[in-house]
Amino acid sequence: MDTLVERELELKLVLSPECSIPVPARLTYRTEDPYAVHIAFHVGSESPVYWTFARDLLVEGVFRPCGYGDVRIWPTKVDRRSVICMALTSPDGNALLEVPSAAVAAWAERTLRLVPPGTESALLGIDAGLAELLAPLPADDLWMSDLWPSDEPTDGEA
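Conventions adopted
Residues numbered from 1 in each chain as written. Predicted model: local features only at pLDDT ≥ 70, side-chain atom pairs only at ≥ 80, totals over all residues. Heavy atoms only, no water. Helix = DSSP H or I, 4+ residues; strand = E, 2+ residues; numbered from the N terminus. Contact = heavy atoms within 4.5 Å. Expected span 1.5 Å × (residues − 1). Buried < 20%, exposed > 50% of the residue type's maximum accessible area, 1.4 Å probe, protein only. Arc of directions from axis to C-beta. Salt bridge = Lys/Arg side-chain N within 4 Å of Asp/Glu carboxyl O. Core = buried A, V, L, I, M, F, W, Y, C linked by side-chain atoms within 4.5 Å. Pairing = 2+ DSSP bridges. Axes fitted to C-alpha atoms, helices over the stretch in contact; angles between N-to-C directions.

K.L.:
Account for the overall build of the protein, with residues named and values stated.
P.N.:
Within the protein, the regular secondary structure consists of five helices and seven strands. When its helices and strands are written in sequence order, the protein yields β-β-β-β-α-β-β-β-α-α-α-α. Of the contacts made within the protein by residues no fewer than 6 positions apart, 35% connect residues no fewer than 24 positions apart.

Structural data, given as structure tokens:
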């Protein structure tokens, strides 16, 4: 059964040190995809802009700078407010977003209580899937049996 943890937020898209604009967004975590977080940015277009990245990255970014390449996250203070900055890079452009730390930390904690770190793989059923793939089938008995007797003499034969 899929369980969702969602949170509506208003992020700030930083255009310059002096100017930012609000961007409504939705954070989503699904137990059927336990390693990922999904963010839908509602930027005034017909459909939202979606980003997906590792939950561990967001959780770590609450406490310290992390990430390389397309997604980088770090905590900081802006006007004495604790915020988390997210730098997103794609072929279409770059974005620097600020989100309130407390809101992200509380949301991330809910996901961690639902699926504790290290237990994600159990939700994916990888072990059961591998066991099913590797289970012997009746045809395997034929494959493993010796259909042609060996030409080599057995003990006592000459």
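From this point, the narrative continues.
K.L.:
Mind laying out helix α2 (residues 101-114), listing which residues take part and the relevant values?
P.N.:
Over its 14 residues, α2 extends 20 Å from the first C-alpha to the last, a length consistent with the 20 Å expected when each residue adds 1.5 Å. All buried positions along α2 are accounted for by Ser-101, Ala-103, Val-104, Trp-107, Ala-108 and Thr-111. Along α2, the residues classed as buried sweep out an arc of 165° about the axis, all on the same side. Set apart from the buried face of α2 by more than 90 degrees, the exposed residues are Ala-102 and Arg-113.

K.L.:
For unusual backbone geometry, give the residues involved together with the corresponding values.
P.N.:
One non-glycine residue, Asp-79, lies in positive phi territory at about 50°. Along the chain, the position of Asp-79 falls in the loop between β5 (71-78) and β6 (81-90).

K.L.:
Let's hear about the pattern of salt bridges: which residues, and what values?
P.N.:
Taken as a whole, this structure holds four salt bridges when the rule is applied. Note that Arg-55 and Glu-120 form a salt bridge whose closest N and O atoms lie 2.8 Å from each other. In this pair, Arg-55 is assigned in helix α1 (residues 55-61) and Glu-120 in helix α3 (residues 120-124), connecting sequence segments 65 residues apart. By relative accessible area, Arg-55 is classed as buried at 1%. The salt bridge involving Glu-109 is made with Arg-113; its shortest N-O contact spans 3.1 Å. Linking Glu-109 with Arg-113, this pair stays in helix α2, spanning four residues, or about one helical turn.

K.L.:
For the nonpolar core, give the residues involved together with the corresponding values.
P.N.:
Ranked by size, the top nonpolar core spans 29 residues in total, and within it Phe-41, Phe-53, Ile-73, Val-104 and Trp-107 carry the most contacts. What Phe-41 contacts, discounting residues up to four positions off in sequence, is Leu-11, Val-23, Pro-24, Ala-25, Pro-48, Val-49, Trp-51, Met-86, Leu-88 and Leu-97.

K.L.:
Break down the sheet that holds β6 for me, with residues and values.
P.N.:
Taken in spatial order, the seven strands line up as β4-β3-β2-β1-β7-β6-β5 in an open sheet, and their pairing is antiparallel. Single-partner strands in this sheet number two, and they are β4 (49-54) and β5. Averaged over all adjacent pairs, the angle separating strand axes in this sheet is 30°, with direction ignored. Here four bridges tie strand β2 (residues 19-30) to strand β3 (residues 36-41), and the two strands are oriented antiparallel to one another. By the bridge assignment, Thr-28 is partnered in β3 with His-38. Strands in contact with α2 are β1 (4-16), β2, β3, β6 and β7 (93-100); relative to β1, the strand with the most contacts, it is inclined by about 150°.

K.L.:
Tell me about the side chain of Ser-101, and please be specific about residues and values.
P.N.:
As for its placement among the helices and strands, Ser-101 is situated in helix α2. Residues within four places of Ser-101 in sequence aside, it is in contact with Ser-82, Val-83 and Ile-84.

K.L.:
Summarise the environment of Gly-61; cite the residues concerned and give the values.
P.N.:
Secondary-structure assignment places Gly-61 in helix α1. Distance from Gly-61 to Ile-73, taken between C-alpha atoms, is 5.0 Å for residues 12 residues apart in sequence. Residues in contact with Gly-61, not counting those within four places in the same chain, are Cys-66, Ile-73, Trp-74, Pro-75 and Ile-84.

K.L.:
Please set out the pairing of β5 residue by residue, giving values where relevant.
P.N.:
Pairing analysis gives eight bridges linking β5 to β6, with the strands arranged antiparallel. Residue pairing for β6: Ile-73 is matched across the bridge by Met-86. Joining the antiparallel neighbours β5 and β6 is a turn of two residues, in which Asp-79 adopts a positive phi near 50°.

Spatial relationships are all this shows, so hold off on functional conclusions.
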